[in-house]
Amino acid sequence: MNFRRLRKNAAIRSLVAETEISAADIIAPYFVREGRGVARAIDSMPGVSQFSADRVVEDMAPMVAKGLKSVLLFGVPNEKDPGGRSSIGPLVPDAIQKIRSAYPNMVIMTDVCLCGYTSHGQCAPLDARGKIDEPAALERYAEMAVVHARAGADVVAPSGMMDGAVEAIRKALDGSGNLETAIMGYSAKYASHFYGPFRDAAESAPKHGDRTSYQMDPPNRLEALREIEQDIAEGADIVMIKPALSYLDIIRDARENFTHPIAAYSVSGEYSMIEGAIERGWMSENVRWELLRSIKRAGADLIITYHAKHFFDQLPAAR
Ligand code: PBG
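Along each chain, numbering runs from 1 in the same order as the chain's sequence is written. Note on the predicted model: pLDDT of at least 70 is required for a residue's local features to be given, and 80 or more for side-chain atom pairs to be given and counted; whole-chain, interface and lining totals, by contrast, use all residues. Based on all heavy atoms of the structure, the side-chain values leave hydrogens and waters out of the count.

Within this document, salt bridges are pairs made up of a side-chain nitrogen of Lys or Arg and a carboxyl oxygen of Asp or Glu, the two lying within 4 Å of each other. Overall, the coordinates contain 15 salt bridges when judged by the stated rule. If you follow the salt bridges from partner to partner, you end up with Arg-170, Asp-174 and Asp-237 in one network.

For the rest of this paragraph, the subject is the nonpolar core. Joining through side-chain atoms within 4.5 Å is the link that ties buried Ala, Val, Leu, Ile, Met, Phe, Trp, Tyr and Cys residues into a set, and such a set is a nonpolar core. Throughout this description, buried means an accessible area under 20% of the type-specific maximum (1.4 Å probe, protein chains only), exposed means over 50%, and partly exposed covers the range between. If you look at the biggest cluster of nonpolar residues, it comprises 78 residues, and the most contacted ones within it are Tyr-30, Met-60, Val-71, Leu-73, Ile-99, Tyr-141 and Ile-241. Counting 27 residues, the second-largest nonpolar core is a separate cluster that includes Leu-72, Phe-74, Tyr-265 and Val-267.

In this section: helix α8 (residues 222–234). The end-to-end C-alpha separation of α8 is 19 Å, in line with the 18 Å expected for 13 residues at 1.5 Å each. Note on conventions: DSSP H or I runs of at least 4 residues are helices, E runs of at least 2 residues are strands, and numbering of each starts at the N terminus. Inspection of α8 places Ala-224, Leu-225, Glu-227, Ile-228, Asp-231 and Glu-234 among the buried residues, and these make up the whole buried set. Tucked inside the fold, the buried residues of α8 contact α6 (165–175), β7 (182–189), β8 (238–242) and α9 (248–257). Of the residues one or two after α8, Gly-235 is the one with positive phi, at around 115 degrees. Expected helix span is computed as 1.5 Å times (number of residues minus one). Note on contacts: a residue pair qualifies if any of its non-hydrogen atoms lie within 4.5 Å across the two residues.

Moving on, we get to unusual backbone geometry. With an omega of -10 degrees, the peptide bond between Lys-242 and Pro-243 qualifies as cis. Position of Pro-243 among the secondary structure elements: in the loop between β8 and α9. Positioned with a positive phi, Met-161 is a non-glycine residue whose angle comes to about 60 degrees. Here Met-161 lies in the loop between β6 (155–158) and α6.

Relative to the elements of secondary structure, Asp-313 occurs in helix α12 (residues 308–313). Among the residues examined, Asp-313 registers a relative accessible area of 54% and is labelled exposed. Between the C-alpha atom of Asp-313 and that of Met-63, which follows or precedes it by 250 residues, the distance is 7.5 Å.

Turning our eyes to something else, we now look at the site of the ligand. Here, proximity means that at least one heavy atom of the residue falls within 4 Å of the molecule or strand. Around the ligand lies a shell of 17 residues, among which Arg-199, Arg-211, Lys-242, Ser-268 and Tyr-306 are the nearest. The side chain of Gln-215 places a nitrogen or oxygen atom 2.8 Å from an oxygen atom of the ligand. Computed with a 1.4 Å probe, the accessible areas rest on the Shrake-Rupley method; for each residue, only the protein chains presented here act as cover. Across the complex, the protein chains shield 100% of the 390 Å² of accessible surface that the ligand would expose by itself. Each residue is assigned to one class: nonpolar for Ala, Val, Leu, Ile, Met, Phe, Trp, Tyr, Cys and Pro, charged for Asp, Glu, Lys and Arg, and polar for all the others, Gly among them. Partitioning the shell around the ligand into residue classes produces ten nonpolar, three polar and four charged. Definition of a polar contact: a pair of N or O atoms within 3.5 Å, with one able to donate and the other able to accept a hydrogen when the atoms are protein atoms, and with sequence-neighbouring residues admitted only if both atoms are side-chain atoms.

Of all seven residues making up strand β4 (residues 70–76), seven are buried, and the element is well covered by its neighbours. Of the two faces of β4, both are covered, the one formed by Ser-70, Leu-72, Phe-74 and Val-76 as well as the one formed by Val-71, Leu-73 and Gly-75. Pairing of strand β1 (residues 26–33) with β4 involves seven bridges; the strand directions are parallel. Of the residues in β4, the one forming a bridge with Ala-28 is Val-71. Of the pairings in the sheet, the one linking β4 to strand β5 (residues 107–112) comprises four bridges and is parallel in character. Two strands pair if DSSP finds at least two bridges between them.

Okay, the packing of aromatic side chains next. Here a pair means two rings of Phe, Tyr or Trp (six-membered ring of Trp) with centres within 6.5 Å. Their orientation is stacked below 30 degrees between planes, edge-to-face above 60, and tilted elsewhere. Scanning all chains against the criterion turns up twelve aromatic pairs. With 6.1 Å between their ring centres and 10 degrees between their planes, Phe-31 and Tyr-306 make a pair best called stacked. Of this pair, Phe-31 sits in strand β1 while Tyr-306 is found in the loop between β10 (302–305) and α12, placing the two residues 275 residues apart along the sequence. We note that Phe-31, like Tyr-306, is buried. One aromatic cluster in this structure is built from Phe-31, Phe-74, Tyr-186, Phe-198, Tyr-265, Tyr-271 and Tyr-306.

Structure below.
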């Protein structure tokens with residue numbers, strides 16, 4: 001065997017390429033705002049905006065034409081309070097319905113977490129001593145999941161990393177007759193600095209403290225397997241690793257140990273550092289594909305990526 005022969009030209013290379021990303025692997029995230037005709041660029045994420053639901057539908061159109069199958073919605077409400085009341089308001093349900101009527105077959109996934117809805121920016125309500133109130137969080141997540149399911153969400157994704165969230169949500173979904181609504185568990189979610197730009201985008205930065213009490217410690221590898229195991233036991237249908245880029249080993253571990261579909265979330269910081277460098281001419285645009293392929297090669301079935309638009313732009317129109 002001669003490697004140079006196999007790499008000789010693009011045609012041979014593509015014939016023997018082991019990793020390819022297809023349209024159905026990509027999940028496009030959206031930050032949904034109230035109102036109509038709203039588009040607000042996010043400074044820390046060049047090329048990404050918060051949109052009102054009508055603008056989400058519009059923005060998706062070219063991607064749908066090229067084969068986009070799935071979106072993940074984050075609500076960015078105008079009103080926040082300590083309990084995150086607006087998390088069960090009409091913001092996300094309206095968006096689900098608008099997307100559903102424009103694209104009936106779209107797989108609509110929704111974020112189920114409170115950090116975008118609470119005035120203090122934590123993923124849970126706080127108790128009288130100002131500590132994370134887990135039982136209250138589980139109740140709120142369950143309610144939120146049912147509201148989204150009733151509006152037509154196909155998959156709900158609890159990103160708050162509270163123990164027992166998947167189980168509480170499954171119970172509530174089943175109890176309300178939403179047996180078909182699937183759960184994507186943010187099973188292995190690390191307390192990462194790569195989330196910085198997202199907290200701008202979702203306006204969800206914690207006002208005090210951080211999320212290290214409920215997100216995983218980056219040096220830990222085996223803990224991720226235990227977290228995934230637990231989410232599966234609680235009823236997760238898809239398991240997720242997050243972030244992707246600095247955690248490719250965890251994606252690979254998950255692939256080798258579980259048979260569930262694996263999603264990887266290529267988070268805001270991965271996006272912004274690459275787009276920032278491309279903008280300045282420090283790296284070639286092709287680095288985007290190197291990033292996405294590495295995630296796929298590590299073993300992910302699905303990739304949540306802000307690069308969705310770039311990905312679909314370079315695909316030929318469907319024949
Ligand atoms: C929190 C949540 C986070 C992201 C999605 N949901 C991170 C966090 O602030 O802890 C991050 C996604 C990204 O960085 O793109 N519930």
